[in-house]
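# Close look at the chain arrangement
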Amino acid sequence: MLRRDFLKTASAASLAAMAIPRGWTFQAAKSPRIAFGGISIECSTYSRIRTRMEDFTILKEQALASNERFAFLNRYSVPFWPTLVATATPGGPVSLDTYRAIQADFLARLKALLPLDGLFLPMHGAMFVDGMLDAEGDWMESARRVVGPDCLMSTSYDLHGNVSQRVVDNIDAFSAFRTAPHIDREETMIRACDMLVQCLDQHIRTTLVWAPIPVLMPGERSSTEWQPGKRLWAQLPMLNQEPGVLDVSMLVGYVWADEPRSTASVVVTGTALAKEGKIALDLAEQYWKARKEFQFGTETCSTDECIKKAMAAKTQPAIIADSGDNPTGGGNSDQPTVLDALLRWNAQSVVFAGITDRPATDACYRAGVGITLPLSIGATLDPMGSHPVKAVATVKYLLPTDDIVLREAVVQIEGVTLVLSARRRPYHDIIDFTRLGLQPKSFKIIVVKSGYLSPELKPIANPSLMALTDGAINQDIVHLPANRYRKPTYPFVADLQFKPEVYVSARDKT
């Protein structure tokens, strides 16, 4: 990756010498023109499936401008002009032709809005595109070429996004989620947009510093609800109040991507370079020292052990998370391994939501409610990843829909009530069950394809168990397949030596 000569790693002492007052270098229009748009997906490079155009939901024009997700933009006196926002359920790498088509549409819409004073990019940070490293860097660099050097660019990221020098070299403000499970999406986007509007209004020129930390953990071991994540992220709101600091972000990164940028990191946006660097170095050092503290926040066991414990539990519902095939982390969601084990153990009063299998789902719709039929369940998206379960099922419920892609069927197989879906999707909220006529609390055992439980499921879990299953996001990370691009990182290199360094954005003009 090419870097300008002045981009050097720096200690806190050397950064102190660089601190000088900053001022905006051009006069923005009285009514700034701000656009927004981006692409958001989390991609496991260990998945054999591909994310294609039909897997994306793409909002444009009025559909984007009026979307509830971006209703918070109405809080600003200046309008935000929509381009497009493309989102997809986490999964396998994005096909190159799909990415290029979405990118070309975005850039064309961006160009049509020129000249622009500001651009907000709602991103994720863990996208992988076939044949490309650092897809977010590519997206931001292409946007920068269109809007020019004077336009301010601000981005919001997921806590599990991967940062690169290319990313920070093309933007002016950065903010990432501070919670896992993620309950601060809107707050993060507001911080990113507040910075953008404030800087345009007050003619402020910011800079970014970035400190990569060679540690990679699955989200299931780095939640902000328990230690050390709880104490590490608890510092950030107070640091945001420091004079000259606009935002402090700390990211876990995304472990299931074979990329050089896959790493934890700290990113600081502000106007006081020395202070930004000091904060970044300190947080990076804290994170590194805490690396061995990261543990699963719930009881983990093999699939069979989880089922035995759930069946023996005196309380209910016991919730078992099928962690390796979780679609919200990049899993395929089509592996029936846990279903096979449930049937083998003759488990009763179980609801399993759900398994992605469009052929089986369509067969249920053809048969109709009340019909019993033989089904082959699972392993339709990735036949190499698992083996289908052959079972006799009775159709209990069919979700009313005219769109075959949105079909969902509830079937009964012995003691297991199983949800089948035509498309990959999670079942992490209570409404995901009740809309199918299911009351999750009435079952002794609930099985979901998940990692840590969602804020709605966690309170009802009694007990909560995580099955360490195989899949595209296997939690046994040290035994993942060999990587070509990932840099030496803990825990893959147990005795790794590390001293934090910070890198300054090319947008810095000192």
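Residues numbered from 1 in each chain as written. Predicted model: local features only at pLDDT ≥ 70, side-chain atom pairs only at ≥ 80, totals over all residues. Heavy atoms only, no water.

### Regarding empty space enclosed by the protein
Stated precisely, the cut-off is as follows: As defined here, a cavity is a set of points on a 1 Å grid over the protein atoms alone where a 1.4 Å probe fits but cannot get out. A pocket is an open set with protein on both sides within 12 Å along at least five of seven lines, and residues line them when an atom is within 4 Å of a point. Grid points are joined across faces, edges and corners, and a volume is the space filled by probe spheres set on the points. Starting at the N terminus, helices and strands are each numbered in turn, a helix being any DSSP run of H or I of at least four residues and a strand any DSSP run of E of at least two.
Counted according to the given criterion, the structure contains one cavity of 30 Å³ or more. Reported here for the largest cavity is a volume of approximately 40 Å³. What lines the largest cavity is simply Leu152, Met153, Asp172, Ala173, Met195, Leu196, Cys199, Ile204, Arg205 and Thr206. At the level of secondary structure, the elements contributing two or more residues to the lining of the largest cavity comprise strand 5 (152-157) and helix 6 (185-202).

### Observations regarding the state of the cysteines
The line we're drawing: We call a pair of cysteine sulfur atoms a disulfide whenever their separation is within 2.5 Å. Whether a residue is buried, partly exposed or exposed follows from its accessible area with a 1.4 Å probe, protein chains only, as a fraction of its type maximum: under 20%, in between, or over 50%, in that order.
Tallied over the full model, the rule gives zero disulfides. Lacking any disulfide linkage, Cys193 is separated from the closest cysteine sulfur, that of Cys199, by 12 Å. Note on Cys193: relative accessible area 0%, which makes it buried.

### With respect to the sheet that holds strand 8 (residues 245-251)
Defined as follows: DSSP calls a pair of strands paired once it identifies at least 2 bridges connecting them. Contact definition: two residues touch when any of their heavy atoms are within 4.5 Å. The axes used here are C-alpha line fits, helices contributing only the stretch in contact, and every angle between their N-to-C directions lies in the interval 0 to 180 degrees.
Strands sit in the order 8-9-7-19 across an open sheet of four strands; the sheet is antiparallel. Either end of the sheet is taken by a strand with one partner, and the two such strands are strand 8 and strand 19 (503-504). The sheet strands contacting helix 6 are strand 8 and strand 9 (264-270), and the helix crosses strand 8 at an angle near 150°. Of the strands in this sheet, strand 7 (207-213), strand 8, strand 9 and strand 19 are in contact with helix 9 (residues 273-289), which crosses strand 7 at around 15°.

### Things to note about the side chain of Thr207
Rules: In protein, a polar contact means a hydrogen-donor-capable atom and an acceptor-capable atom, both N or O and within 3.5 Å, with residues adjacent in sequence counting only if both atoms are side-chain atoms; elsewhere, any N or O pair within 3.5 Å suffices.
When you line up the elements, Thr207 lands in strand 7. A polar contact of 3.5 Å, which involves the side chain of Thr207, links it to the side chain of Asp508.

### Quick notes on helix 6
Every α-helix winds through 3.6 residues per turn, so residues three or four apart in the chain are directed the same way. As a reminder of what qualifies: Multiplying 1.5 Å by the residue count of a helix minus one yields the expected span of that helix.
Given a rise of 1.5 Å per residue, 18 residues ought to cover 26 Å, and the 26 Å separating the end C-alpha atoms of helix 6 matches this to within 8%. Among the residues of helix 6, those classed as buried are Thr188, Met189, Ile190, Arg191, Ala192, Cys193, Met195, Leu196, Cys199 and Leu200. His203 occupies a position one or two residues after helix 6 and carries a positive phi of about 55°.

### Observations regarding the packing of aromatic side chains
Note the cut-off: Geometry of aromatic contacts follows a simple scheme: Phe, Tyr and Trp rings, the Trp one being its six-membered ring, pair when their centres are within 6.5 Å, and the pair is stacked under 30 degrees between planes, edge-to-face over 60, tilted otherwise.
Applying the stated criterion across every chain, the model contains eleven aromatic pairs. Both rings, one in Tyr76 and one in Phe80, keep their centres 5.4 Å apart while their planes meet at 40°; by these two values the pair is tilted. The class of Phe80 is buried, set by a relative accessible area of 10%. Where Tyr99 meets Trp139, the ring centres are 6.0 Å apart and the plane angle is 55°; that geometry is what we call tilted. Taken together, the residues Tyr99 in helix 3 (residues 96-112) and Trp139 in helix 4 (residues 135-147) connect sequence positions 40 residues apart. The pair formed by Tyr99 and Trp139 is uniform in burial state, with each residue classed as buried.

### A closer look at the sheet that holds strand 2 (residues 56-60)
Ordered by their spatial adjacency, six strands build an open sheet running 2-3-1-4-5-6, and the pairing between neighbours is mixed. Across the chains shown, the open sheet's two edge strands, defined by having one partner strand only, are strand 2 and strand 6 (173-176). Between one strand axis and the next, the sheet turns through 10° on average, direction left out of account. Inspection of the sheet shows strand 5 paired to strand 6 by four bridges, in the parallel sense.

### A short note on the packing of helix 3 against helix 4
Put simply, the rule is: Working definition: roughly parallel below 35 degrees, roughly antiparallel above 145 degrees, roughly perpendicular at 65 to 115 degrees, and oblique for all remaining angles. With the far helix as reference, a near helix turned anticlockwise by less than a right angle produces a left-handed crossing, and one turned clockwise produces a right-handed crossing. The classification used treats Ala, Val, Leu, Ile, Met, Phe, Trp, Tyr, Cys and Pro as nonpolar, Asp, Glu, Lys and Arg as charged, and all other residues, Gly among them, as polar.
Their axes nearest at 10 Å, the elements helix 3 and helix 4 cross at an angle of 25°. With respect to helix 4, the element helix 3 is oriented roughly parallel. By crossing handedness, the relation of helix 3 to helix 4 is classed as right-handed. Of helix 4, the residues touching helix 3 (which contributes Tyr99, Arg100, Ile102, Gln103, Phe106, Leu107, Leu110 and Lys111) are Ala135, Asp138, Trp139, Ser142, Ala143, Val146 and Val147. Classifying every residue of the contact of helix 3 with helix 4 by side-chain character gives ten nonpolar, two polar and three charged.

### Structural notes on the pairing of strand 1 (residues 34-40)
Most of strand 1 is tucked away, with seven of its seven residues classed as buried. Residues Ile34, Phe36, Gly38 and Ser40 line one face of strand 1 and the alternating positions Ala35, Gly37 and Ile39 line the opposite face, and both faces are buried. Examined bridge by bridge, strand 1 and strand 3 (residues 80-88) share six bridges and lie parallel to one another. Along strand 3, the bridge assignment pairs Phe36 with Pro82. Where strand 1 lies against strand 4 (residues 118-122), three bridges are found, and the strand directions are parallel. In the sheet register, Ala35 faces strand 4, and the bridge partner there is Leu119.

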